Amino acid sequence: MRPRSAGQTLVAVLLLTIGLALAPETASPAHAAVNLVQNPGLETIDAATGFPTCFEKSGYGDNDYTFTVTGASGAHSGSHAVEIGITRLASGDRKTMMLENDCAPAVVPDHQYDLSLWYRTTSPNSVLTMFRHDTTAGWVFWTDLNTLPVSGTYTQASVRTPAVPAGTDRITWGATLYGTGTLATDDYAMTDATVPDPGPDPCVTAPTSPACIGQWTVVEMPSPVRAIHSVLLHDGRVLLIAGSGNDRDAFAAGTFKTTVFDPVNYTYTDVPTPADFFCAGHVQLPDGEVLVMGGNKDYASADGTVGYKGLKTSYIFNPDTMTYTRTNDMIAGHWYPSATEMGNGDVVSLGGLDESAAGTVINERFSAATNTWKGCCDQQTWSFWGLYPAAILLQDGRLFYSGSHVFGVGLSGTGASLYDYDTGTITDVPGLRKKDERDQSMSVLLPPAQDQKVLTIGGGNHTVSPDAHRLTDLIDLAAASPAYVPGPDLPQGVYADGSPQTGDQGKVYVSAVILPDGKVLETGGALHTYREDPVFEASMYDPATNTFDPGLATDPVPRTYHSSAMLLPDGRVLTVGNNPGDGSFDRRISIYSPPYLFRGDRPQITSVASTEWAYGSAQRITTDSAITKASLIRPAAVTHSSDPNQRYVDLPLTVVDGNTVDLNLTGNPDLAPPGWYMLSVVGASGVPSAATWVHISPATAAQQATARVQTFADDLGDAEPAKAKPKKPQKSGVKVAEGYDGCDHTYGEISQCVPWTFPAMARAERCGWLREHGFGPLTVHGRDRHKLDTNKDGVACYRGDLGV
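Residues numbered from 1 in each chain as written. Predicted model: local features only at pLDDT ≥ 70, side-chain atom pairs only at ≥ 80, totals over all residues. Heavy atoms only, no water.

Draft legend 1. Geometry of the overall build of the protein chain. Along its length, the protein chain carries 6 helices and 53 strands. Relative to its 804 residues, the protein chain shows a buried fraction of 58%. In the protein chain, the proportion of contacts linking residues at least 24 apart, taken out of those at least 6 apart, comes to 65%. Accessible surface for the protein chain amounts to roughly 28,800 Å². Of this, 52% is attributable to carbon and sulfur atoms. (Helix = DSSP H or I, 4+ residues; strand = E, 2+ residues; numbered from the N terminus. Buried < 20%, exposed > 50% of the residue type's maximum accessible area, 1.4 Å probe, protein only. Contact = heavy atoms within 4.5 Å. Areas by Shrake-Rupley, 256 points an atom, 1.4 Å probe, with all protein chains shown as cover.)

What follows is the structure, given as structure tokens:
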């Protein structure tokens, strides 16, 4: 995360964006409840400070500023308001904040709160800021809220917070000015907007009812193709691609197949298929078309001396015309390539086997602007990423290789890494267990994408161990030095004969599907990577509690090799594929109705003001009943337990009037790459709506640029562990814990980021390391924690400090 410098505060920290709705002067509050803010009208003035009680002057950086307690003429109501003025700003900001003591409103974990204040400002650089008190870590930054638009008269801004994180007992919030101009605030309010109790748990009285475990049905008419690849189109139909379908006879005959399945009417429409897309890569483009790259040039030789060979051809599938159109070729062939959409709509493809059956070491980039592959050879690392390496786009524009892949053992490194395509930097990430037994494990960017947490589930490799394992590993990629930590073990199931799994037996070929209620369905799989012994088991993973809820209804069709699963717009889940070792292929399609479809009426989205959304915008919708949250879910493009583009983007909401709400889309295109998404809302009882399709327009050049952060952390794979938790500075008034963003801001300008934790090296080597990474002399603003200013002249890594 980048430093919160002037002009960067919003775009860099809007990773947990919460939006604002602006109401006219005559608007009434959405909720009539107890105001939790002390001295909300700023009427009581502290005799010692001359400032409203329970509030303080705060801020940091190099700027000229004033805090003024106005009289009645400058207030929204009553006798006082607070006005901040900045006449010169080189860095930093100034804030009116609630004190971090008993004045800070008490909160309850998992509750949501409605915040509002009245403001007027001459500056477009005004924002609300919120901190929370963690009972273990102390006061920590929570999030910046959306911009307060310029207004010459008092206007009310209101917002509903996300659910309060566990371990939080108080929050403090207020208004920030981070540009020149004035900002006045008055009449603060905060009320508990906790959702109603959903009622009794149906699992207590009927633990095997559909409302508790869900329900599966099998489509009577099987697919006409051996569906190796599955893509949800933006009209709700499902693209099923076989190519030759792992059938040598079909390959020899040049019989390549694609069909489109309608999950509402249960019909199929076949599509002419120009090449063998068996084990190709695929991804949705920003306009909703599907890019299909690579595929099968030739099957492996019968004696195993020559492997499968990859195509370098590439096609775009148009859902409207139901046709494939060829693009220019890629640089190299790719069989089993990954495909990840970037924040600007481009696609990066990694890994696979080339035209000679060797591992492809050329990374490819497809330009969304020109619909062409860019060619050779900028930003090449010449590194082999394996087959179907799961590469997930992070909030800072880097890719996270999670360790999920297909085949292969003994790959170098820790099994997981951060990859910056633009700089060619690869940094190992520690902690992934059994890295060589992650064949067709599945990795999921957990809901919400703003949290930047990835769960890697199951996997195996029969050349290392006979059985798949049940390990899961969790990583927080927003941390300064990300590392996997053990997650909960996968629940165990039964085999076809009814015998239970025992010991450490787990699953390979596992599927994981993000649902609109923010949970993840885990289903399908087998004990062995040579496609035998299907496991009948399904569970629900809850990211909020990091637990699996076992015992869901299981798919009656085995789902092993070449199986996939995806969310449908109506909230159901589709599964397809099963290719046992005998070469057969089960073409039946199963449909799962999750428990939420049996738990009462579903809310409905009755109107959407616009289906074309811009980054950083508020989008107004109307529902037929009260809702508690909303999200965008990217449509699936899945094969071989891999869908690195799957993501759930939280849409913080603001109640405007009754059931009319504004949904606030992140300003960061790396959190929600452009394209079509399923918009869903969740009602008070936890039941989600059916989805409405909306389209996120490509970002502006400025939005794309500001999504990037400094990349010092690329070298922190071997970082020293922190010796103590950082403490908040006491003199500067900055309301964040030191090192909160991985940076030590006591050195240099606020826009610079000296790492809080260095890679393992002697202290005397640190100035040299900083020089190598583009840092010059650094002014020391406080404690020289890293001992970089050895001659005590106030400038670190300068003259006598180097090489000592």
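Next comes the rest of the write-up.
Draft legend 2. Geometry of the environment of Asp650. Within the secondary structure layout, Asp650 lies in strand S47 (residues 648–650). Considering only alpha carbons, one finds Asp650 and Asn664, 14 residues apart in sequence, at a separation of 8.7 Å. In contact with Asp650, other than residues within four places in its own chain, are Pro448, Gln450, Ala630 and Asn664.

Draft legend 3. The packing of aromatic side chains, seen in detail. A full pass over the atoms with the stated rule returns 29 aromatic pairs. Ring centres of Trp385 and Tyr419 lie 5.1 Å apart, and the angle between their planes is 45°; on these two criteria the pair is classed as tilted. One end of the pair, Trp385, is in the loop between strand S26 (372–373) and strand S27 (391–393); the other, Tyr419, is in strand S29 (residues 417–420), and 34 residues separate them in sequence. In terms of burial, Trp385 and Tyr419 fall into one category: buried. In this structure, Arg94 packs its charged tip against the face of Tyr65, placed 3.9 Å from the ring centre. (Phe/Tyr/Trp six-rings, centres within 6.5 Å; stacked < 30°, edge-to-face > 60°. Lys NZ or Arg CZ within 6 Å of the ring centre and 35° of its normal.)

Draft legend 4. Quick look at the sheet that holds strand S50 (residues 675–683). Spatial strand order, S43-S51-S50-S45-S47: 5 strands in an open sheet with mixed pairing. Only two strands of the sheet have a single neighbouring strand rather than two, namely strand S43 (612–613) and S47. In this sheet, strand S51 (residues 692–696) lies alongside S50 in antiparallel orientation, the contact comprising 5 bridges. In the strand pairing of S51, Leu679 is matched with Thr692. (Pairing = 2+ DSSP bridges.)

Draft legend 5. A look at the nonpolar core. Counting 50 residues, the largest nonpolar core has Val238, Leu240, Phe261, Leu515, Leu574 and Ile589 as the members making the most contacts within it. Residues Leu418, Tyr484, Val649 and Leu665 belong to the second largest nonpolar core, which totals 34 residues. (Core = buried A, V, L, I, M, F, W, Y, C linked by side-chain atoms within 4.5 Å.)

Draft legend 6. Inspection of the pattern of salt bridges at higher detail. Inspection of every chain in the model, using the stated rule, returns 25 salt bridges. Among the ionic pairs, Lys435 bridges to Asp436, the shortest N-O distance being 3.4 Å. In this structure, the salt-bridge partner of Arg559 is Asp555, at a minimum N-O distance of 3.0 Å. The network of salt bridges with common partners includes Asp346, Arg365, Lys374 and Asp422. (Salt bridge = Lys/Arg side-chain N within 4 Å of Asp/Glu carboxyl O.)

Draft legend 7. The arrangement of the state of the cysteines in detail. Overall, the coordinates contain 3 disulfides when judged by the stated rule. Each sulfur in the disulfide pair Cys203 and Cys212 lies 2.2 Å from the other. Judged by the torsion about the S-S bond (120°), the Cys203/Cys212 disulfide is right-handed. On the accessibility criterion, Cys212 (13% relative accessible area) is buried. Linked covalently through their sulfurs, Cys767 and Cys797 form a disulfide whose S-S length is 2.2 Å. Handedness of the Cys767-Cys797 disulfide follows from its S-S torsion of about -85°: it is left-handed. Of this pair, Cys767 sits in helix H6 (residues 766–772) while Cys797 sits in the segment after strand S53 (795–796); the two residues are 30 residues apart in sequence, bridging distant segments of the chain. Neither residue differs from the other here; Cys767 and Cys797 are each classed as buried. (Disulfide = S-S within 2.5 Å.)

Draft legend 8. Seen up close, the environment of Leu387. Within the fold, Leu387 resides in the loop between S26 and S27. Between the alpha carbons of Leu387 and Leu353 there is a distance of 7.4 Å; along the sequence they are 34 residues apart. Once residues within four sequence positions are removed from consideration, Leu387 is found in contact with Trp335, Tyr336, Gly352, Leu353, His405, Val406 and Phe407.

Draft legend 9. Broad picture of a nonpolar patch on the surface. There is a patch of nonpolar side chains on the surface, built from Val361, Trp382, Phe384 and Leu411 and spanning about 340 Å² of accessible area. Position of Val361 relative to the elements: it lies in the loop between strand S24 (347–349) and strand S25 (364–367). Look at Val361 and you get partly exposed, because its relative accessible area is 31%. (Patch = residues over 30% accessible without salt bridge, like charges linked within 9 Å, V, L, I, M, F, W, Y side chains within 5 Å.)

Draft legend 10. Inspection of the side chain of Ser564 at higher detail. Tracing the sequence through the fold places Ser564 in strand S39 (residues 564–567). There is a polar contact of 2.8 Å between the side chain of Ser564 and the side chain of Ser230. Excluding residues that lie within four positions of it along the chain, Ser564 makes contacts with Ser230, Ser511, Leu574, Thr575, Val576 and Val638. (Polar contact = N/O pair within 3.5 Å; in protein donor to acceptor, adjacent residues only side chain to side chain.)

Draft legend 11. Main features of the pairing of S25. Side chains Glu364 and Phe366 of S25 all project onto a buried face; the interleaved residues Arg365 and Ser367 project onto the opposite face, where all are buried too. Note that S24 and S25 share 3 bridges and pair antiparallel. Within the sheet, the bridge partner assigned to Val348 lies in S25 and is Arg365. Pairing of S25 with S26, which is carried by 2 bridges, proceeds in the antiparallel orientation. Looking at the pairing, Phe366 lines up with Trp373 of S26. The hairpin formed by S25 and S26 contains 4 residues between the paired strands, and Asn371 there has a positive phi angle of roughly 55°.

Draft legend 12. Highlighting the pairing of strand S10 (residues 168–177). Along S10, 8 of the 10 residues are buried, which leaves the element largely enclosed by surrounding structure. Direction of pairing for strand S5 (residues 93–98) relative to S10: antiparallel, over a ladder of 4 bridges. Counted as the bridge partner of Met97 is Gly174 from S10. Pairing of strand S7 (residues 126–134) with S10 involves 9 bridges; the strand directions are antiparallel. By the bridge assignment for S10, Leu128 is matched with Ala175.

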